[in-house]
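The primary structure of each chain is shown beneath.
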Amino acid sequence: MKINYTDVLVIGGGLAGLRTAIGVKRRGLETLILSLVPAKRSHSVAAQGGMQASLGNGIKGEGDNEDVHFEDTVRGSDWGCDQRVARMFAHMAPKAVRELAAWGVAWNRVQRGDREVVINGQRVTLTEKEAAHGLITARDFGGTRKWRTCFTSDGTGHAMLYSVSDQVIGESIPVHERMEALALIHDGERCQGAVVRDLISGELSACMATATVLATGGYGRIYGISTNALINEGMGAALALETGIARLGNMEAVQFHPTAIVPAGILVTEGCRGDGGLLLDKDGHRFMPDYEPEKKELASRDVVSRRMAEHMRAGKGVKSAYGDHLWLDISNLGAAHIDKNLREVKDICHYFLGIDPAKDPIPVRPTQHYSMGGVRTDHRGESPWLQGLFSCGEAACWDLHGFNRLGGNSVAETVVAGMLVGEYVADYCASSAGQGDFSPALARQFVARERASLNAIAAASGGESAVALRTRMEQIMTDRVGLFRNGADLESAVAELSELLTRSRNVGLRAKNLDANPELVLAYRLPRMLKVALTVALGALQRTESRGAHYREDYPARNDRDWLNRTLAYWPEGDDLPRLDYESLDVMHMELPPGFRGYGINNVVAHPGSAERQAEVDEMHVAKLDRYASQAALMPFKQWLPIRYRRRNSRLDDPGK
């Protein structure tokens, strides 16, 4: 059996994993990246609309800063996020976007003088300042008070991933493609690496590492229709869950994107609405102002998705062979704008729908899109329960997004988290905690266990079909753990998913080979996907409130009094269901205490400490006057940042220091 040794093992070749690896390599550590696919084919490449960073260069971003970005993020999370992490993120995002520019990302730039845009369905002329000419520009996105989303037309993820991947090549960091981590090697207290399977040869090996980083993306493919890549099956979350020690956080927090095309489920960017596109019903009526007169199509994603679903429930959807849908109309933007700034959307419409979005409306409906839940970590990206295990990006519950993510914050999070977690991982490796000896015997034990499991799956003559079981799981999640949830559906979902998990242990294969065998891969991944699905469904059942993307029709109020907490899930060996704990969010240490989010009616059940904390915050702002002094007094987040990243961000109206 082969054992590889490295300082840092990064599992996942997307933006978060690549940027983490760059950080640790530049600190002098050896690192190795495992990727299911070639790194430049990771799901990060699919991000279209842009990356949020409060540069404040364009005229519609004027006055933007870290405070505004922080507040938008906290409100967008429906007060479910870790405000310390949100502060760190808002501070780091401008540094990240400028680093990417230096690495070759061709961000769209401000052009001086007049330009025509579409705002609220009307053509408006904006005049950009001479001083801003050539600086990085931004477009509008939902849930934000400023135009903050930096972009490269609608191929932002593509541009970012290729540039970061080139940096990995330049650093001579090895990326082992078509390799899958099957299990985390640990002794109950410390993670020492992973068991690795070569997806082509089937060979098993061990990779032992001082620090192991899970950067495997989300778990959208437990749903029947998702904008996620096919590889986003939640295996990173499953690896952590199957340790029986590490916790997952907020797994019930699943985001649905308003505008995926029908029937394929492929995303068309929020940039369509940010640039001025409109949502229309079967009668051609623009309905979002009826529900959200202030933000309209640019309310937060969870809000827009629910309003769309409500409108279709009211009989206003367009009938089709694939179910009801609504229209996204971007024809008002004009062919020239679409060809320049929404060209991927144009290609998607052409190849998958046979339409020209400059002339024809796009059929869309809300579709599973993003996982706010994931491997629970502290602000440094490390599991508090399993030493040496780190996670970042969509695989992690860091917890930047709480119960709803703002568009543009996820692709920003990948590189920001990579920048920070790379430093924290390097610090850990240099600390006394990272000095323990490897145990080759432990690695051999874990490899032997996984080999025996694969042999048993291949040799089994069970009568269950992995394809049929997975299809049923996807249907249950879509129908009962979707955009609207209720107790009866969730109870039945948990019961049937548990039954499917039992049945998944009796799968029979037609192909018995242990090398390149997709049937075998599905058979060993299926129980893990079902475990992830059960953490989502059980977490949703137990959370008797509505918060962000988690909407309970039988408990429509956001209940800060009883539910201002984070769900923690773990799965001890031998248990039939995951166990749930809860981690309280401390109101008295919040910089932005819970309040009304601004959508629909104010039906929040207030936390008893919210008013007291708000009074303290108001007094602090009055006493300090200067925004930097007030913020530092309320939450001195810079103490948690690496020294190299503590400097203020400079803007046209603030040179920084």
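Residues numbered from 1 in each chain as written. Predicted model: local features only at pLDDT ≥ 70, side-chain atom pairs only at ≥ 80, totals over all residues. Heavy atoms only, no water.

1. Focus on the sheet that holds strand E14 (residues 326–329)
Here is step 1 of the chain: With respect to topology, four strands assemble into an open sheet ordered E12-E15-E14-E13, the strand pairing being antiparallel. One side of each edge strand has no neighbouring strand; the edge strands of this open sheet are strand E12 (254–261) and strand E13 (278–280). Shown here is a sheet whose adjacent strand axes are inclined to one another by a mean of 45 degrees, direction ignored.
Here is step 2 of the chain: In terms of strand pairing, E12 meets strand E15 (residues 362–371) through six bridges, oriented antiparallel. Bridge pairing in E15 links His257 to Thr367. (Pairing = 2+ DSSP bridges. Helix = DSSP H or I, 4+ residues; strand = E, 2+ residues; numbered from the N terminus. Axes fitted to C-alpha atoms, helices over the stretch in contact; angles between N-to-C directions.)

2. With respect to the pattern of salt bridges
Here is step 1 of the chain: For the structure shown, the criterion picks out 59 salt bridges.
Here is step 2 of the chain: A salt bridge links Arg148 to Asp72, with the nearest nitrogen and oxygen atoms 2.9 Å apart. Of this pair, Arg148 sits in the loop between strand E5 (122–128) and strand E6 (149–150) while Asp72 sits in helix H2 (residues 66–76), and the two are 76 residues apart along the sequence. The exposure classification of Arg148 matches that of Asp72, with both residues buried.
Here is step 3 of the chain: The closest approach of N and O atoms between Glu242 and Lys531, which form a salt bridge, is 3.3 Å. Within this pair, whereas Glu242 is found in the loop between helix H5 (235–241) and strand E11 (248–249), its partner Lys531 is found in helix H15 (residues 518–542), the two being separated by 289 residues in sequence.
Here is step 4 of the chain: Using a relative accessible area of 33% as the deciding quantity, one classes Glu242 as partly exposed.
Here is step 5 of the chain: On the basis of relative accessible area, Lys531 is assigned to the buried category, the value being 17%.
Here is step 6 of the chain: What emerges from the salt-bridge pattern is a single network uniting Asp78, Glu252, Asp302, Arg306, Arg543, Glu545, Arg547, Arg558, Asp560 and Arg597. (Salt bridge = Lys/Arg side-chain N within 4 Å of Asp/Glu carboxyl O. Buried < 20%, exposed > 50% of the residue type's maximum accessible area, 1.4 Å probe, protein only.)

3. Considering the packing of helix H1 (residues 15–25) against helix H11 (residues 409–430)
Here is step 1 of the chain: Taken N-terminus to C-terminus, the directions of H1 and H11 make an angle of 30 degrees; their axes are 7 Å apart at the nearest point. Crossing handedness for the pair H1 and H11: right-handed. Facing Leu15, Ala16, Arg19, Thr20, Gly23 and Val24 of H1, the residues of H11 in contact are Val411, Thr414, Val415, Gly418, Met419, Val421, Gly422, Val425 and Ala426.
Here is step 2 of the chain: Among the residues making up the contact of H1 with H11, the classes are represented as nine nonpolar, five polar and one charged. (Left-handed = near helix turned anticlockwise from the far one by under 90°. Contact = heavy atoms within 4.5 Å. Nonpolar A, V, L, I, M, F, W, Y, C, P; charged D, E, K, R; others polar.)

4. Focus on the sheet that holds strand E20 (residues 579–584)
Here is step 1 of the chain: Spatially, five strands are ordered E18-E16-E11-E19-E20 in an open sheet, and the strand pairing comes out mixed. The sheet terminates laterally at strand E18 (396–397) and E20, the two strands that pair on one side only.
Here is step 2 of the chain: Relative to E20, strand E19 (residues 565–570) runs antiparallel, the two being bridged by six bridges. Note that in E20 the partner of Ala569 across the bridge is Leu580.
Here is step 3 of the chain: Packing of H15 onto the sheet brings it into contact with E11, E19 and E20, and relative to E20 it is tilted by some 60 degrees.

5. Some words on the packing of aromatic side chains
Here is step 1 of the chain: If you walk through the whole model with that rule in mind, you get six aromatic pairs.
Here is step 2 of the chain: For the pair Phe390 and Tyr428, a centre-to-centre distance of 5.6 Å together with 65 degrees between the ring planes defines the contact as edge-to-face. Of this pair, Phe390 sits in strand E17 (residues 389–391) while Tyr428 sits in helix H11, and the two are 38 residues apart along the sequence. Considered together, Phe390 and Tyr428 belong to a single accessibility category, that of buried residues. (Phe/Tyr/Trp six-rings, centres within 6.5 Å; stacked < 30°, edge-to-face > 60°.)

6. A closer look at unusual backbone geometry
Here is step 1 of the chain: A cis amide bond, omega 10 degrees, links Val262 with the succeeding residue Pro263.
Here is step 2 of the chain: Mapped onto the elements of the fold, Pro263 is located in the loop between E12 and helix H6 (271–274).
Here is step 3 of the chain: Despite not being glycine, Lys296 has its phi angle at roughly 55 degrees, a positive value.
Here is step 4 of the chain: Along the chain, Lys296 falls in the loop between helix H7 (288–291) and helix H8 (301–316).

7. A word on the environment of Asp154
Here is step 1 of the chain: Among the structural elements, Asp154 can be located in the loop between E6 and helix H4 (156–170).
Here is step 2 of the chain: You can call Asp154 buried: its relative accessible area is 0%.
Here is step 3 of the chain: Along the backbone, Asp154 and Asp198 are 44 residues apart, and their C-alpha atoms lie at a distance of 34 Å.
Here is step 4 of the chain: For Asp154, the contacting residues outside a window of four places in its chain are Gln48, Thr269, Asn341, Leu342, Arg343, Glu344 and Val345.
Here is step 5 of the chain: A distance of 3.2 Å separates a polar side-chain atom of Asp154 from the backbone nitrogen of Arg343. (Polar contact = N/O pair within 3.5 Å; in protein donor to acceptor, adjacent residues only side chain to side chain.)

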